[in-house]
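Observations on the model geometry
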Amino acid sequence: MGRAYCFKQGVGAAMTDKSNVEFSEREALFFHSTGRPGKIEIIASKPMATQRDLSLAYSPGVAVPVRAIAEDPATAYDYTAKGNLVAVISNGTAILGLGNLGALASKPVMEGKSVLFKRFADVDSIDIELKTEDVDKFIDAVELMEPTFGGINLEDIKAPECFIIEQTLKERMNIPVFHDDQHGTAIIAAAGVINAAMLTGRDMKDMKVVVNGAGAASISCTELIKALGVQHDNVIMCDSKGVIYQGRTEGMNQWKSAHAVKTDARTLAEAVKGADVFLGLSVAGAMTQDMVKSMADKPIIFAMANPDPEISPPEAHAVRPDAIVATGRSDYPNQVNNVLGFPFIFRGALDVRATGINEPMKLAAAKAIAELAREQVPEEVAKAYGRSHSFGPDYIIPAPFDPRLMEVVPSAVAQAAMETGVAQKPIAEMAAYRQSLKARLNPTTSVLTTAYEVAKANPKRVVFAEAEEEVVLRAAIQFRTLGYGIPVLVGRGHVYDKLKELGVQDPESFELHNSVNSPLVPEMVDTLYKRLQRRGYLRRDCERMVNRDRNIFGSLLVKMGHADAMITGMTRPFAQTLREVKRVMDPAADRTPFGIHVLVTKDKTVFLADTTVNERPSAQELADIAEGTVAVARRMGHDPRVAFLSYSNFGNPPGSFLDNVRDAIKALEERNVDFEFEGEMTVDAALNPTVMKNYPFSRLSGPANILVMPGLQSANISAKLLRELGGATMIGPMLVGMDKSVQIATMASNASELLTLAVLASAGVAI
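Keep in mind it's a predicted model, so treat the numbers as computed, not measured.

1. Quick notes on the overall build of the protein chain
Per the secondary structure count, the protein chain includes 31 helices and 24 strands. Expected size for 767 residues packed as a compact globule is a radius of gyration near 27 Å; at 29 Å, the protein chain falls within 12% of this value. Taken over the C-alpha atoms alone, the protein chain extends approximately 95 × 70 × 50 Å along its principal axes. Here the protein chain holds 767 residues, and 55% of them are scored as buried. Partitioning the intrachain contacts of the protein chain with sequence separation of at least 6 by distance along the chain shows that 69% fall at a separation of at least 24. Accessible surface, the protein chain: about 33,000 Å² in total, of which carbon and sulfur atoms supply 52%. Each charge sign in the protein chain was given a centre, from 82 positive and 92 negative side chains, and these centres are 3 Å apart.

So, in structure tokens, the structure goes:
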């Protein structure tokens, strides 16, 4: 498995056999094939449990909306999923950076695009791959699907056919049609150019721009910056044959000809002399340092070729420290990333039932993105980069995971659609619409994504204590190759053989600790014996534990400062593993250790505690658990509302085991905490607004999102029952309250779950 693929999401997100390896081929195939093959599934949005449900969903109940739609086609948006459904359509003629590999080969990419629609803007999306390179057949096929979808996202279609296809479909169809390879890149690049011009004191109408590349994205970028005010005669476009000038005939077409200008320049080097802006959508290395030197003062360089830019930021800054540089890559500042645009543009267009996505809507999106970059950067975005960011040369484009994008961009697009007359369902209250956008996505989704960025920006050393297990090694490989930190493996020497079997080219580059030959063993034994000698342990007991028990050995690595956190739990039950960890680790000062399971659905997150540690917590321990869970919830972006659960609602029915819950309420009142809490109460009184109305005196302003369980038995059963039967994602258990971050997974955890725990520990969420 010598070959590896690099994936850098950005302009035309390319995949190539480059040395900048992000994951192995085997790992990528495993990701796409494990469990349910692919990346998407269809789920019902209405209950389908009873015969009545089925009768309403299909025959005979379905006849009612059928007749309504036949009488008024617009009601299809009211009675079907059409209004939130986008088709991602390709024929595979220009797949990322891989070229024409056919419709079927494009399916993984189109599925991925559908996932991004859902993840970033809650837009349902279906991928469709059409087996034809005939432009007319393609157009006819897409046009026939208009009754099904609320919008069409064209993807990975080669130029110049993509221009013909998009324009014809826009003319024939009454729903938004958008070729993201063209316009997505153009919108994000335009936002960056707006801000770069502002920082360098330039006026759009006076800027001289050179565009290198004459494909779909290049032409769309050129058209959009001209719409922003850049003068036609001030833009020189180049392709592989040189400058596109008036009178040139070789390699020309109508789209290139539209941007031909009178100029004596014939090469990129000649064109770029004195230029204010360089927009590269071509190939790696196309821009040289000498060319950069020849540009105007404070040059603006958008080197957007992927995976490697026309010139790297370090190379450009070496000769022009005053340059503002953007690329399509996430490992440099100012990433031009299409995901900043297309999900939110469609969100706004769908919400007003726009008949198309016009130039004013694209300009509105670009300006909204530019304005967002000029605002104060929220804490969660700053954390993702490991430092505070503010508008400036290294921050002219917002981060892809800025949660404000969901509010800002769709509302700007919707407003432009209304102002230009393409909105069939205008929004009356824009403020209320913006609020609904904020509530549409679960903040946990963004925060978890941000946690991965935090881990990458501040990589930590994490012990993987059971490295002889394949699932643990898979997680460790991902942890390292994705840049989240340094895995510290604990296991025997044959771990290296297993790493090689899993596709690792240089297994010996992984740090592996083995008690058989570790020089740390004597110090470990001394440390453990000093800790346990007055607890009934002899020195030989400590020697035996250090040499034979991976959890003891791994915990000591963390305690002695050789690592920052530890992941374990795959080979022994949680309680046994925790006992071993506690022989080495102490609770954090004034903390009660406990476990949290996090239940994540599309639009809500619920925290359950304590699910793993304290069998019969006292009132003070319950209060500690509540405060500790609140801290975790806040780190995950939530405004906490705590419910102390019971079988009783405020004394009804009475019982013998309610005092600890009631006293926990009193304890929090005495602590004067700054969050909502209430109890004792049943689950439905905590979560169901209808039931909550029976208790108007409740201090909760809405459904609880933190459920503090009365004891370990009910908590653990509830968490595992929800994991096995529920339809939501379950994260955890997370162990919090120890002096060092040690995460104990369940024995059934997969590599992805282990990786999540490692990242949460590394990023400081689970502490």
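And the narrative resumes.
2. Looking at the sheet that holds strand E10 (residues 242-243)
Overall, mixed pairing links the six strands, which are arranged E10-E9-E8-E11-E12-E13 in an open sheet. For this open sheet the edge positions go to E10 and strand E13 (324-327), each flanked by a neighbour on one side alone. Where strand E8 (residues 209-212) and strand E11 (residues 277-280) come together, four bridges link them in parallel fashion. Among the inter-strand pairings, Val211 is bridged to a residue of E11, identified as Leu279. Relative to the sheet, helix H8 (residues 180-199) contacts E11, strand E12 (300-303) and E13, its axis offset from that of E12 by approximately 160°.

3. Thoughts on the packing of H8 against helix H9 (residues 216-227)
Close contact between H8 and H9 brings their axes to 8 Å; oriented N to C, the two are set at 45°. The orientation of H8 with respect to H9, classified from their angle, is oblique. H8 and H9 meet at a crossing whose hand is right-handed. Residues Asp181, Gln182, His183, Thr185, Ala186, Ile187, Ala189 and Ala190 of H8 pack against Ala216, Ala217, Ser220, Cys221 and Leu224 of H9. Here the residues of the contact of H8 with H9 sort into eight nonpolar, four polar and one charged.

4. Some remarks on helix H7 (residues 161-172)
Structural remark: α-helix, 3.6 residues per turn; residues separated by three or four positions point the same way. With twelve residues, H7 should reach 16 Å at 1.5 Å per residue; the first-to-last C-alpha distance of 17 Å fits that figure. All buried positions along H7 are accounted for by Glu161, Cys162, Phe163, Ile165, Glu166, Thr168 and Leu169. Those residues of H7 that are buried are in contact with helix H6 (135-143), strand E6 (151-154), strand E7 (177-179), H8, H9 and helix H10 (254-257).

5. Notes on the environment of Lys226
In this structure, Lys226 sits in helix H9. Of the residues examined, Lys226 reaches a relative accessible area of 18% and is grouped as buried. C-alpha separation for the pair Lys226 and Lys205, spaced 21 residues apart in sequence, amounts to 8.7 Å. Setting aside its immediate chain neighbours within four residues, Lys226 contacts His232, Val235, Ala258 and His259. Looking at Lys226, its side chain comes within polar contact range of the side chain of His259, at 2.8 Å.

6. Observations concerning the pattern of salt bridges
For the structure shown, the criterion picks out 44 salt bridges. A salt bridge links Glu250 to Lys241, with the shortest nitrogen-to-oxygen separation between them at 3.7 Å. A relative accessible area of 47% places Lys241 in the partly exposed class. The closest approach of N and O atoms between Arg544 and Asp541, which form a salt bridge, is 3.2 Å. With Arg544 and Asp541 both in helix H23 (residues 539-548) and three residues apart, the pair spans about one turn of that helix. What emerges from the salt-bridge pattern is a single network uniting Lys118, Asp122, Asp124 and Arg440.

7. What to know about the side chain of Asn212
If you trace the backbone, Asn212 turns up in strand E8. Excluding its chain neighbours within four sequence positions, the residues that come into contact with Asn212 are Ser218, Cys238, Leu268, Phe278, Leu279, Gly280, Leu281, Ser282 and Ala286.

8. So, the sheet that holds strand E17 (residues 565-568)
Overall, parallel pairing links the five strands, which are arranged E16-E15-E14-E17-E24 in an open sheet. Each end of this open sheet is capped by a strand with a single partner; those strands are strand E16 (511-513) and strand E24 (741-744). Put simply, the sheet's adjacent strands are angled 25° from each other on average, direction ignored. Relative to E16, strand E15 (residues 485-490) runs parallel, the two sharing three bridges.

9. A word on the environment of Asn174
By the secondary structure assignment, Asn174 is in the loop between H7 and E7. Sequence separation between Asn174 and Gly151 is 23 residues, and the spatial gap between their C-alpha atoms is 9.2 Å. In contact with Asn174, other than residues within four places in its own chain, are Glu146, Ala354, Thr355 and Gln424.

10. Some thoughts on the pairing of strand E23 (residues 729-736)
Counted residue by residue, E23 has seven buried out of eight residues, so it is predominantly covered. Two strands pair when backbone bridges link them, and strand E18 (residues 594-600) and E23 are joined in this way by six bridges, in the antiparallel orientation. Note that in E23 the partner of Gly595 across the bridge is Leu735.

11. Section: the packing of aromatic side chains
Within this structure, the stated rule accounts for ten aromatic pairs. Centroid distance Phe163 to Trp255: 5.1 Å. Interplanar angle 25°. Geometry classified as stacked. Highlighted residues: Phe163 in helix H7 and Trp255 in helix H10, separated in sequence by 92 residues. The burial state of Phe163 is the same as that of Trp255; both residues are buried. The interplanar angle of 65° and the centroid separation of 6.1 Å between the aromatic rings of Phe675 and Phe677 together place this pair among those described as edge-to-face. Residues Phe675 and Phe677 agree in their burial class; the two are buried. The cationic tip of Arg480 hangs over the ring face of Phe510; the distance from NZ or CZ to the ring centre is 3.7 Å.

About the cut-offs
- Residues numbered from 1 in each chain as written.
- Predicted model: local features only at pLDDT ≥ 70, side-chain atom pairs only at ≥ 80, totals over all residues.
- Heavy atoms only, no water.
- Helix = DSSP H or I, 4+ residues; strand = E, 2+ residues; numbered from the N terminus.
- Rg over C-alpha atoms; globule rule 2.2 N^0.38 Å.
- Buried < 20%, exposed > 50% of the residue type's maximum accessible area, 1.4 Å probe, protein only.
- Contact = heavy atoms within 4.5 Å.
- Areas by Shrake-Rupley, 256 points an atom, 1.4 Å probe, with all protein chains shown as cover.
- Lys, Arg positive; Asp, Glu negative; His and termini not counted.
- Charge placed at Lys NZ, Arg CZ, Asp CG, Glu CD.
- Pairing = 2+ DSSP bridges.
- Axes fitted to C-alpha atoms, helices over the stretch in contact; angles between N-to-C directions.
- Parallel < 35°, antiparallel > 145°, perpendicular 65-115°, else oblique.
- Left-handed = near helix turned anticlockwise from the far one by under 90°.
- Nonpolar A, V, L, I, M, F, W, Y, C, P; charged D, E, K, R; others polar.
- Expected span 1.5 Å × (residues − 1).
- Polar contact = N/O pair within 3.5 Å; in protein donor to acceptor, adjacent residues only side chain to side chain.
- Salt bridge = Lys/Arg side-chain N within 4 Å of Asp/Glu carboxyl O.
- Phe/Tyr/Trp six-rings, centres within 6.5 Å; stacked < 30°, edge-to-face > 60°.
- Lys NZ or Arg CZ within 6 Å of the ring centre and 35° of its normal.

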